[in-house]
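Residues per chain are reported as follows:
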Amino acid sequence: STPTFSWSAVSDDETYVTSYLLAIDGGSSVDVGNVTTHTLSTALSDGSHTAVVYAKDAGNNVSTGSNEVAFTIDSTGPTIASTLPTTATTGTALD
């Protein structure tokens, strides 16, 4: 699954944010540009994951991370229990 992440823009008037960085599962952060939404290009496996967003300014200073957000990927479809008969039956039509 390739989830899409969204976050609020930095509201600090003294800092000129040039881009945001996104880190998944404690890995290296990836510069996703000066946007507030990003869809991963690589699918994540089923299971629990985390995401953290950072802001970067024109001087390449990186903020402390956002709160870590936990989420779960579950790409397994539901199981449907069938109660339909396994053989066809014939009947009489009613008028």
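Residues numbered from 1 in each chain as written. Predicted model: local features only at pLDDT ≥ 70, side-chain atom pairs only at ≥ 80, totals over all residues. Heavy atoms only, no water.

Across all of its chains, the model carries two aromatic pairs by this definition. Taken together, a centroid distance of 5.3 Å and an interplanar angle of 70° make the contact between phenylalanine 5 and phenylalanine 71 edge-to-face. Residue phenylalanine 5 is located in strand E1 (residues 4–6), and its partner phenylalanine 71 is located in strand E6 (residues 69–73); the two are separated by 66 residues in the primary sequence. For the pair shown, phenylalanine 5 and phenylalanine 71 are each scored as buried. (Phe/Tyr/Trp six-rings, centres within 6.5 Å; stacked < 30°, edge-to-face > 60°. Helix = DSSP H or I, 4+ residues; strand = E, 2+ residues; numbered from the N terminus. Buried < 20%, exposed > 50% of the residue type's maximum accessible area, 1.4 Å probe, protein only.)

The next subject is the sheet that holds E6. Pairing in this open sheet of four strands is antiparallel, and the strands run E3-E2-E5-E6 from one edge to the other. The open sheet terminates on both sides in strands that have one partner only, identified here as strand E3 (30–33) and E6. If you compare each strand with its neighbour and ignore which way they point, the axes differ by 35° on average. Pairing geometry for strand E2 (residues 17–24) and strand E5 (residues 47–57), over seven bridges, is antiparallel. Each bridged residue has a counterpart across the sheet, and for valine 17 the counterpart in E5 is aspartate 57. (Pairing = 2+ DSSP bridges. Axes fitted to C-alpha atoms, helices over the stretch in contact; angles between N-to-C directions.)

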